[in-house]
Amino acid sequence: MPITSQNLDEIHHKISHHKLNDAIRLMRNRRDECSWLRDNGNLDALERDYRLMLDYMMRGVRDEKRDEVFAKFVGRAFRCLGDMTMRHLCHDNSVYRSLALLTEREQLSVETMRERLETFVGERTMLTLLPEEQKAVRSAEIYRQHHELMKAVFATLVVAPQWSNAEREAFLELLLSPTVESMDAQVMTSAITLSCMAVYDINKWRLLVELYRRSTDLQVRQRALVGWAFTLYSNRVDFPAGQAIVDELTSSPEVCRELLELQIQVFYCQDAEKDTRTIQRDIMPDLVKNSHLNITRFGITEKEDDTLNDILHPEAEEKAMEDMEKHFHRMLDMQKQGSDIYFGGFSQMKKFGFFYTMMNWFVPFYQEHPDLAHVSDKIKGKGFFRTMLTASPFCDSDKYSFVLAMVNVYDKMPDSVKEMLDGDAMFAGHESVHLEDAARPAFVRLMYLQDLYRFFRLYNQHNELSNPFDSRYGGVGPSFFFMNAAFKGTAIDDKKGDLSHFLLKRERFEEFDNLLSTYGSDTDKNYQLLCASGALRCEDYASAIVCLRRALNVDPTDTKALRLLGKALLMEGDNTGAATVYNQLLLLLETPPGRGLLLNYSIARLKSGEVEQVMKDIFRLEYEYPNDADVRRVLAWGYLLQGKTAEAIAEYGKLESPIPGDHLNCGYCHWLDNNIQEAVRLFRSYAEECGLHHLEREFKQDFPYLKKLGIVETDSELMLELVDTD
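For the structure given in this document, a descriptive report is provided here. Just so we're clear, the structure is a prediction, and the values are computed from it rather than from any experiment.

### Details of the nonpolar core
1) Next: Formed by 151 residues in total, the largest nonpolar core has its most connected members in W205, W228 and L259.
2) Next: Leaving out residues up to four positions away in the same chain, W205 has contacts with C196, Y200, W228, T231, L232, F239, G242, I245 and V246.
3) Next: One finds I618, A648, Y668 and F683 within the second-largest nonpolar core, a separate group that totals 37 residues.

Right under this line is the structure:
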């Protein structure tokens, strides 16, 4: 039976609505039906204790702490359901089933884990005392044994049942211990995160929070941050125990800043496929074309110099290099902004057997990894391999991909490429990561997020897992944690404006709209401006006007709000109102107004009937911007309103790249000149691009101006008939 079975959903519903008798009965029945759902007695203890409380109440015993006691029963019921859900996973899901089988072969308590992890540290230290001829063999054996141990530790933590407070404290002490290797603590932190993602456990979540608060290890701390943010679960009745923790966390400006950075980085990760398409479509073709290498099935070879082309076109080589550098820097700029520019290439390199082991996706890159034992010392001594350990811009799983792929192609490479790989300058320049940058929390966090994203997208059994990066539920998934109700009313609300700007800029409109629904007020100017921007995007000009007037009630001199209000009023057809707003804006500006503002002001005044006065201003704009198409369009429209159709047609004829609106307005000119055939041709051209219904709408909107020029309503209706007749 799948984990999302109706049974488990029904039990969750009963507990959420405090129907504990029904929930306990359903869990007991489900356990009795399935032998593999045997528990450790927690359900029987819950049933016994809950009946005892009911029995005391039946006897009329008063208990001032009954609410508190009942809340604990609810929490215990959720933990029993959590254990049952994990057992379902281990029975029905192949990923968790294989991990559960591994834990059956090697059962590990937290005390055993500590002892064996500390033993590894001691054994590795003792290697320095061995003779050189024994050191390599003994080192390989130590790391192999430790890798097998960590696979068992990883599996144990991922499929762990609900933790008690004591278990949480024991694992926290272990992970904070200075005698445990950082890489081991990182892997364990990721395993606990995966477990809590699969089945929520308040104690695992609290451990991740405490690791984030108290760990002095940057790598562990950032993994813990991602973990508790992704697994924050506020829809549970027992979450008030966690809400106080969230309130305390978000009282720190530093925590709020890191959460905002994390949320933005998540969206960059989610755009990996889109960025890959951009690179493959707009950047890579020119980079490959201008490269001096041929990539064939037999290896990489250098292209021969084209001497004749050098003679005939001596400037071609320089231009090719300039184009190549331009595209290369564009890709690097994407990377600096946060884009995952390497996803497309490395997504094709995750078929190695290395990546069939789930834990390997979360292991930091280190050269002693047993699965790199076949990598020759010849390759391990190269500059690119040393770079993998220090200044590589790749996330850990991509580092493993790169090295494993290099094993297969290194001997087939031309000498010039090998020479580059032999040195330390493989990532010289903008691609390299300086040591101080690599130590920044934001960089460490981004690399981990990219590993996490690759795992959920590319792991060979990823379809068996619930991907937290998926934008489910109307654009809201676990990774869009800013939407979480636990953050509502906290200092995170103050960061939502920054995130909203980011989402609008990245054209993540669904997420933008969802986020706006979680905060803000009528007196929050910036919030009202964001709402207006969203409404303008949807062409909901009436709503935009309402929001902008609210913003201006707070600050009547806000020039951005006035610009947007002028535009909204113009699009809504309130030309007089738009002209008034633009005039107010011009009086407030301390610098000369731009062309766009002056054009919009002119359009509003033209449509308000100030044709003769405005034409003088338009002539001045034409003088200042003699080849500007938009200025020419406004000038032509002014001529049309003056009835000077010949002059208007001449202006439309000067446009090098006419748009549908040009065909429409030029069609009006020919219509007024009674050149019906040409008018029909132009109107049909507009309708072909925009649709006949749009043409009809434009006729209605422009009819007041056409009526003044002699067009009657019947003419308008018949013209539509002609346009729609073959």
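### Observations regarding the pattern of salt bridges
1) Next: Counting across every chain of the model gives 54 salt bridges.
2) Next: Here E141 ties to R144 by a salt bridge, and the two come within 2.8 Å at their closest N and O atoms. In this pair, E141 and R144 both sit in helix α7 (residues 132-158), three residues apart, roughly one turn of the helix.
3) Next: The class of E141 is partly exposed, set by a relative accessible area of 27%.
4) Next: Of the residues examined, R144 reaches a relative accessible area of 39% and is grouped as partly exposed.
5) Next: A salt bridge links E254 to R257, with the shortest nitrogen-to-oxygen separation between them at 2.4 Å. Residue E254 and its partner R257 are both found in helix α13 (residues 253-270); the two are separated by three residues, about one turn of the helix.
6) Next: Connected via shared salt-bridge partners are R221, E254, R257, E258, E261 and R445.

### Side note on the packing of aromatic side chains
1) Next: Under the defined criterion, the tally for this structure stands at 38 aromatic pairs.
2) Next: When the centroid spacing of 5.9 Å and the interplanar angle of 80 degrees are considered together, the rings of W671 and F683 count as edge-to-face. Of this pair, W671 sits in helix α35 (residues 660-672) while F683 is found in helix α36 (residues 676-690), placing the two residues twelve residues apart along the sequence.
3) Next: For F683, a relative accessible area of 0% translates into the label buried.
4) Next: With a centroid separation of 5.1 Å and an interplanar angle of 75 degrees, the aromatic rings of F683 and F699 are classed as edge-to-face. Remark: F699 occurs in helix α37 (residues 692-708) and F683 occurs in helix α36; sequence separation between them is 16 residues.
5) Next: Ring pairs connect the aromatic residues F154, F354, F355, W361, F362, F365, Y400, F455, F456 and Y459, which therefore count as one cluster.
6) Next: Across from the ring centre of W163, 5.3 Å away, lies the NZ or CZ of K204, which sits over that ring.

### Re the side chain of S479
1) Next: Following the sequence through the fold, S479 ends up in the loop between α24 (472-475) and α25 (496-505).
2) Next: For S479, a relative accessible area of 2% corresponds to the buried category.
3) Next: Polar side-chain contacts of S479 include one of 3.3 Å to the side chain of Q270.

### Focus: a negative patch on the surface
1) Next: A contiguous patch of negative charge on the surface is contributed by E713, E717, E721, D724 and D726.
2) Next: Its location among the elements puts E721 in helix α38 (residues 713-723).
3) Next: Given a relative accessible area of 54%, E721 falls into the exposed group.

### Here we look at a nonpolar patch on the surface
1) Next: Residues L52, Y56 and V61 make up a contiguous nonpolar surface patch of roughly 260 Å² in combined accessible area.
2) Next: A relative accessible area of 39% places Y56 in the partly exposed class.

### Here we look at the environment of L372
1) Next: For L372, the location among the structural elements is in the loop between α17 (343-346) and α18 (377-380).
2) Next: It is 8.5 Å that separates the C-alpha atoms of L372 and Y400, two residues lying 28 residues apart in sequence.

### A look at unusual backbone geometry
1) Next: The phi torsion at H18 lies on the positive side, around 65 degrees, for a residue other than glycine.
2) Next: Here H18 shows up in the loop between α1 (6-16) and α2 (20-33).
3) Next: Exposure remark for H18: the relative accessible area of 37% places this residue in the partly exposed category.
4) Next: Positive phi, close to 60 degrees, is recorded for E507, a residue that is not glycine.
5) Next: Note on placement: E507 falls in the loop between α25 and α26 (509-516).
6) Next: Using a relative accessible area of 58% as the deciding quantity, one classes E507 as exposed.

Reading guide: rules and limits
Residues numbered from 1 in each chain as written. Predicted model: local features only at pLDDT ≥ 70, side-chain atom pairs only at ≥ 80, totals over all residues. Heavy atoms only, no water. Core = buried A, V, L, I, M, F, W, Y, C linked by side-chain atoms within 4.5 Å. Buried < 20%, exposed > 50% of the residue type's maximum accessible area, 1.4 Å probe, protein only. Contact = heavy atoms within 4.5 Å. Salt bridge = Lys/Arg side-chain N within 4 Å of Asp/Glu carboxyl O. Helix = DSSP H or I, 4+ residues; strand = E, 2+ residues; numbered from the N terminus. Phe/Tyr/Trp six-rings, centres within 6.5 Å; stacked < 30°, edge-to-face > 60°. Lys NZ or Arg CZ within 6 Å of the ring centre and 35° of its normal. Polar contact = N/O pair within 3.5 Å; in protein donor to acceptor, adjacent residues only side chain to side chain. Patch = residues over 30% accessible without salt bridge, like charges linked within 9 Å, V, L, I, M, F, W, Y side chains within 5 Å. Areas by Shrake-Rupley, 256 points an atom, 1.4 Å probe, with all protein chains shown as cover. Lys, Arg positive; Asp, Glu negative; His and termini not counted. Charge placed at Lys NZ, Arg CZ, Asp CG, Glu CD.

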